[in-house]
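Listed below are the residues making up each chain.
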Amino acid sequence: MHNGIFVFDNVVHMYDNRVDNVIDPMAMNYMAKRFSLSGVVDVDMHERRATDIQDALRFLFVEADADMAMAQTVPLFSYWRKGFAPAELQHALAAAAPDRVMFCGGVDPVFQGLNGALTEMERQAREWNAVSFKFYQGHHAGLTWRADDRRIAYPLFERMSELGVTVAQFHKGIPLGHEYVEDLRPNDVQQAALDFPHMTFVLHHFGQPFIDETINIASRFGNVWLSMSAIINLFPVAPWTVYECLGKALRGVGADRILWGSEAFAYPRVQPYIEAFASMEMPEELQDRYGYPQIDLLAKRKMLGLNMARLIGLDLPAKLRQLNPAISESDISAILGEND
Amino acid sequence: MLARVQTILDREVRPRLQSHGGDVAIVDLVERRDRFDVSFQLQGACRRCELRTVTFAATIHGNISKIAEIGKISCDRISMTPVQLDRIGKFFGEHSAAS
């Protein structure tokens, strides 16, 4: 809880770059060389790392004011056997703090095959209580799939619906390696959003560099939401870039369908970002020039946590009582923004 | 000095970057009077990452600048002004080693 604001982090990742999970240790190293001072090329540059569960819980709930978080699988299999952020590690984090962390599964129809992806999807939902699924469509060497593909994507959405999981999340934009950037455009979500109106499609990273298209789509499709993951991380370096992105999103989509996402644990110090966003004001010059709305307290409440709670159908008053049995009804009312 | 910089990298910086499929290497260390200028190169997933400026400023610069004798800190393909670095330092406050 940050100054009476409920904070539900839409996206944290437990990464796994240990030896047994990395297929090609040089695959992500685009230069394929490490230049040492001696000029020696060191091809064994990577020690292998994975995010530690206790570290993750500390980053979120001890050193930062997050109340809840969603651990999202990264089903990228070009360079990793079990994925960049494997489902099992995300589930392990959720299992370690079941009151605070929710598990977002992840499958991929290209690497697992459609039937394999459907089977794994069902397993992650039934055994690990996945409340959402994350998809990545840009893979190495041009391997890709589209969200509006009736033969590949729609069976995934249909199976999700059968399982009662209606939140599909997509990494859009921001290629991590040599994926084709056009495979990460948001455009394919439009038809899927029309054909699965009971589902919600969350587009991450504002689709950077397809920010205008992503915001445009979310502005016209009520079941397309945005996550500010990676965008907010730019704030200390390029605050005006963040104002610009947020301003466009707030002007086009509004505060009801934008989610807070810290992208931890690429940047495990979550608290400075929470504090920055909670105190953020849209510069008057940008309001005057472009009509970007001021970010008022209720908008911040929604984006930092209320929207995420609503998205997954969380009984927030009950959750608040669970996390803090001493909480008063007036405090709950305030947290819900009923007094703003 | 090289050993001191490398020790901080190995202890405070590289584990963070490696958990994300990246890394950083020292490419140059030059003594200029009583200061040492050091330059780095991001490796692996960090090299083309959209957030590499954050990684450099918050993680690499934030840690290496703690060495009093260090002067200029630079990184291949990253340009940052003193204003930016000052803002980033204030942003992360006590957590200047932010990632």
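In what follows, the structure referred to is the one given above.
Please read all numbers here as calculations on a predicted model, not as lab measurements. (Residues numbered from 1 in each chain as written. Chains lettered and ligands numbered in written order. Predicted model: local features only at pLDDT ≥ 70, side-chain atom pairs only at ≥ 80, totals over all residues. Heavy atoms only, no water.)

Draft legend 1. How the structure looks around the side chain of Gln137 of chain A. All names here are of chain A. Following the sequence through the fold, Gln137 ends up in the loop between strand S4 (132–135) and helix H4 (153–163). Side chain to side chain, Gln137 and Asp188 meet in a polar contact 2.7 Å long. The residues contacting Gln137, other than those within four sequence positions of it, are Leu143, Thr144, Trp145, Arg146, Ala147, Phe170, Lys172, Asp183, Leu184 and Asp188. (Helix = DSSP H or I, 4+ residues; strand = E, 2+ residues; numbered from the N terminus. Polar contact = N/O pair within 3.5 Å; in protein donor to acceptor, adjacent residues only side chain to side chain. Contact = heavy atoms within 4.5 Å.)

Draft legend 2. Fine view of helix H2 (residues 52–64) of chain B. Burial of H2 of chain B is extensive: eleven of the 13 residues sit out of reach of the surface. For H2 of chain B, the complete set of buried residues consists of Val54, Thr55, Phe56, Ala57, Ala58, Thr59, Ile60, His61, Gly62, Asn63 and Ile64 of chain B. Buried positions along H2 of chain B lie against helix H8 (271–278) of chain A together with helix H1 (2–18), strand S1 (22–32), strand S2 (35–44), strand S3 (70–75) and helix H3 (82–92) of chain B. (Buried < 20%, exposed > 50% of the residue type's maximum accessible area, 1.4 Å probe, protein only.)

Draft legend 3. Seen up close, the sheet that holds S3 of chain B. Residue and element names in this part refer to chain B. If you trace the three strands from one edge of the open sheet to the other, you get S1-S2-S3, paired in mixed fashion. Of all strands in the sheet, those with a lone pairing partner are S1 and S3, marking the two edges. Ignoring which end each strand starts from, the neighbouring axes of this sheet average 20° apart. In this structure, S1 lies alongside S2, joined through ten bridges in antiparallel fashion. Bridge pairing in S2 links Ala25 to Gln41. The strands touched by H2 are S1, S2 and S3; relative to S3, the strand with the most contacts, the crossing angle is about 160°. (Pairing = 2+ DSSP bridges. Axes fitted to C-alpha atoms, helices over the stretch in contact; angles between N-to-C directions.)

Draft legend 4. The environment of Asp108 of chain A, seen in detail. Residues and elements named next belong to chain A. Tracing the backbone shows Asp108 in the loop between strand S3 (101–106) and helix H3 (114–128). The exposure class of Asp108 is buried, given its relative accessible area of 0%. Taking the C-alpha atoms as reference points, Asp108 and Met14, separated by 94 residues in sequence, lie 18 Å from one another. Asp108 has contacts with Pro75, Phe77, Gly113, Ala117, Tyr136, His139 and Trp145, leaving out every residue within four places of it along the chain. Within polar-contact distance, the side chain of Asp108 engages the side chain of His139 at 2.7 Å. Engagement of the side chain of Asp108 in a polar contact is seen with the side chain of Trp145, the distance being 3.1 Å.

Draft legend 5. Quick look at unusual backbone geometry. Residues and elements named next belong to chain A. Looking along the chain, the bond that leaves Gln208 and enters Pro209 is cis, with omega of 15°. In this fold, Pro209 is placed in the loop between strand S6 (200–204) and helix H6 (211–220). In this model, Ala264 is joined to Phe265 through a cis peptide bond whose omega is 20°. Looking at the element boundaries, Phe265 is found in the loop between strand S8 (258–259) and H8. Its identity as a non-glycine residue notwithstanding, Phe206 has a phi of 55°, on the positive side. Its place among the elements puts Phe206 in the loop between S6 and H6.

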